[in-house]
Each structure stands twice: as structure tokens, then as C-alpha cells.
Amino acid sequence: MAIKFIPPAEIEAAADSFRREWDPAETIPVPILEVVELKLKLNVVPVLGLMRDHNVDSFLTRDLHDLVIDQEIYMYQENRARFSFAHEVGHLVIHSDYLKSLKIDSIEAWKQEVLGKGSGHAPMETQANMFASFLLMPTTFLKEEFEKQKKFVSDHPLFKQTKAIDDRALAQYVAKPVAKRFGVSEEAANIRLQNWLGGR
Amino acid sequence: MASKQFGDYFKELRIKKGLTLRQFCEKYEFDPGNISKLERGLFPAPHSEEKMEDYAKALGVKKGSDEWIEFFDLAAVSNKDLGMMRLKNEQLIEKLPVLFRTLDNKELTEEKLDKILELIKKA
């Protein structure tokens, strides 16, 4: 099965659909850890040193039953763990057909798949990141929060001197409160805001 | 149909309490790696009655209740299976990851995969 391009709108629709199915109350911040563990009932496997020794945040096992995550991240870096969980859910939702189609019956075949594809898997990682971003920061709620923060920031004397403030420039000033509202890092919030504002 | 295992029951009770693994371990000061292994049947139930009672209490199992009896019965069976808990090769293959969330999307090498393989065997 070939790795395919998935339009961002399709990824967003998949993320929205997943969120509404598993959290009909539409809670913000999205309770992704609770959804994955208590509703999807995936096994969480915390591993010490996964990041420190192997540069790996997390992965989903091929049988799609276990979410393996660096133990330090899982226990002490909540926002990062939330993004990792949402990222792995992205693989589960948009790449499970691909993962199931792989014929891996030995360690050697596994190595060949991972190393042979090399950067071929990189677009799938990007897609899973996009899914996570849409899932944790749904457009409707993001828009609402951006407008709220925009009004707040616009009242600051610094911005009152400026006639027209560009939304994309403003985004960097509001990324911090937006990040707090959605339980993500400031960097993740800024990327999401820039992409959303750029695509309007 | 496979019979219920101690680990499955442990996880079922934790989920019934509405606690994620992290919340459960933080609240009761358990090691998350060990609890995860216990739930996945890779660790046997503890032999120590005191430890078992700690777990039962944390999971909200009342002494003398049906749940209590089932919890301790399944633990006794789990201890008998002690020698069968390592992942078999075909199970290991099912646990191998294909897509990795890596720092800065760094490329993987065969050496790194060998190390990750060892890690999965122990996880």
C-alpha cells in the first residue's frame, strides 16, 4: 500500500470527527489522555530513557494496542505528552490501513520496512502532527480564543499606537495564552495559529 | 475465549475508577512502568500480601467483597504462570513500531533499531 497525500481539510475533518465521537461534551483542553486510556483502552507503556537514549518521544505498536512513550515525558511534561498522544491517535485514525497492510513476519522484514522507507515515512509523521494540532486546537475554539486574546492585546498601549495590526504578527503575542487554554506548548500554538491565519 | 488475567482485571478496575495510568501512579506513588507491565501480564502479581492489599485499596476494592476475592484468585493464578511471561517471537513482531515520533525527525539507523528492539523486549 502506497503512502498517500492527505489534504489538510481531510485531516482536520478526521480529527474533528474523532473528537466529537470520543468527547461529545467537546471539552477544552481536549482530554486526550483520558480518551486514549479510559475510552479507547490502549495500553500505555512508559519507557525510561526512550527520548534520552533513542531520540524517540513515542510510538504505536504495530498491533495498534500499545502506546509506548518516554516515561519522563508521560509523567512530568504534560503538554508534550498530550501532543504525543494526539500524534499517535493520528496514526491510528489515518494510517491504520497502511499499518495493517504491511507484511512483517520477521525482525529483518521489520528493519527493511523502517530503514528501507527511510524518509518515505516522514510525510506520515507530518500528517500525524497535523492531526494532533487539529485535534487539540479545533478551529472553532481556536477562532474564539484568538478573538478574545486579540481584543485583550489590542487594548495594550503598545498596539493602540498602531493603526492596523496584522493578525499573523499578533499571533505571536497571543500564542502563550492560547497554549495555556488548549494545553499545548507555545510553539505548537504559534504554528497552529500561523497555519490557520495563513489559510483563511 | 481466553480466561481473564490478573493484569486485565487490574486495568479494568483502574479504568472503573476513572484514573489514567499516570493519575493512578501519581496518586498512590506506584511506578508507572511496573504497573503497565503488571497490567499487560508481563509481571506476575506480587507475592507480598501487603503489596497486594495496597493495590486493592488503591483500586477501590473492598476487603471481603466479590471483587476482592476475584482480585486475589486471579493473582494466585498469575503467580503460577510466572515462567511464561516473556514475549514470544511472533508477539514481539506485533509490538514493533513502524512509525516513530522522533526528536526533529532524526533518521533511524540499524544500530538504533537494534537498541529499540532490546528496549521493546524489556518494556
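Values in this document were obtained by computation on a predicted structure and should not be read as measured data.

A.B. asks: Hey, could you go over the overall build of chain B for me, with residue numbers and the actual values?
C.D. replies: Helices and strands together make up the secondary structure of chain B, namely 7 helices and 1 strand. Counting the 123 residues in chain B, one finds 45% classified as buried. Summarising the internal contacts of chain B: among those between residues at least 6 apart in sequence, 56% fall at separations of at least 24. A total accessible area of about 7,100 Å² is found for chain B, and carbon and sulfur atoms account for 50% of it.

A.B. asks: Give me the interface of chain A and chain B: which residues, what numbers.
C.D. replies: Contacts between chain A and chain B engage 53 residues on the former and 43 residues on the latter. The three residues of chain A that bury the most area against chain B are A:H54, A:M75 and A:W110, which together make up 16% of that side's buried surface. Linking chain A to chain B there are 7 salt bridges. One salt bridge in this structure joins B:R22 and A:E78, with 3.7 Å as the shortest N-O distance. In this assembly, chain A and chain B are joined by 16 residue pairs in polar contact (both at pLDDT 80 or more). For the side of chain A that touches chain B, the elements supplying multiple residues, two or more each, are α2 (32–39), β1 (43–47), α3 (50–54), β2 (56–60), α4 (71–76), α5 (78–94), α7 (107–117) and α8 (122–136) of chain A. Among the elements that line the side of chain A that touches chain B, the one with the most residues is α5(A), at 7 residues. In terms of residue class, the side of chain A that touches chain B is built from 23 nonpolar, 16 polar and 14 charged. Bridge analysis of β2(A) against strand β1 (residues 100–102) of chain B gives 3 bridges, and the strand direction is antiparallel. Within β1(B), the residue paired with A:F59 across the bridge is B:F100.

A.B. asks: Lay out helix α2 (residues 21–28) of chain B with the relevant residues and their values.
C.D. replies: Along α2(B), the residues classified as buried are B:L21, B:R22, B:F24 and B:C25. Viewed along the axis of α2(B), the buried residues span an arc of 165 degrees, placing them on a single side of the element.

A.B. asks: Quick rundown of the sheet that holds β1(B)? Include the residues and the values.
C.D. replies: Strands sit in the order β1(A)-β3(A)-β2(A)-β1(B) across an open sheet of 4 strands; the sheet is mixed. The strands lining the two open edges of the sheet, one partner per strand, are β1 of chain A together with β1 of chain B. Each adjacent strand pair in this sheet contributes to an overall mean axis angle of 15 degrees, direction not counted.

A.B. asks: Give a detailed account of the domain arrangement of chain A, specifying residues and quantitative values.
C.D. replies: All names here are of chain A. According to the domain assignment, chain A consists of domain 1 (8–136) and domain 2 (139–198). In this structure, domain 1 and domain 2 have C-alpha centres spaced 27 Å apart. Surface buried jointly by domain 1 and domain 2 totals about 920 Å² across both partners, of which 53% is contributed by carbon and sulfur atoms. For the pair domain 1 and domain 2, the interface holds 0 salt bridges.

Calculation notes
Note on numbering: residues in each chain are counted from 1, in written sequence order. Lettering for chains starts from A, numbering for ligands starts from 1, and both go in the order in which the items are written. Two thresholds apply to this predicted model, a pLDDT of at least 70 for residue-level local features and 80 or more for giving and counting side-chain atom pairs, whereas whole-chain, interface and lining totals are computed over all residues. Side-chain measures here rest on the full set of heavy atoms in the structure, leaving out hydrogens and waters. Working definition: helices are DSSP H or I runs of at least four residues, strands are E runs of at least two. Numbering for both runs from the N terminus. With a 1.4 Å probe rolled over the protein chains alone, any residue whose accessible area is under 20% of its type maximum counts as buried; one over 50% counts as exposed, and the rest are partly exposed. Pairs of residues are marked as contacts when any of their non-hydrogen atoms sit within 4.5 Å. What sets the accessible areas is the Shrake-Rupley method with a 1.4 Å probe; for residues, cover comes only from the shown protein chains. We define buried area as the total accessible area lost by two parts upon association, computed with a 1.4 Å probe and summed across both. Definition used for salt bridges: Asp or Glu carboxyl oxygen within 4 Å of a side-chain nitrogen of Lys or Arg. Definition of a polar contact: a pair of N or O atoms within 3.5 Å, with one able to donate and the other able to accept a hydrogen when the atoms are protein atoms, and with sequence-neighbouring residues admitted only if both atoms are side-chain atoms. Under the convention adopted here, Pro, Cys and the residues Ala, Val, Leu, Ile, Met, Phe, Trp and Tyr are nonpolar, Asp, Glu, Lys and Arg are charged, and Gly plus all remaining residues are polar. When DSSP finds at least two bridges between two strands, those strands are taken to pair. It is the directions from the helix axis to the C-beta atoms that the arc portrays. Interaxial angle, 0 to 180 degrees, is taken between N-to-C directions of lines fitted to C-alpha atoms, where a helix line uses only the stretch in contact. Domain delimitation in this document rests on an assignment produced automatically or drawn from a domain database.

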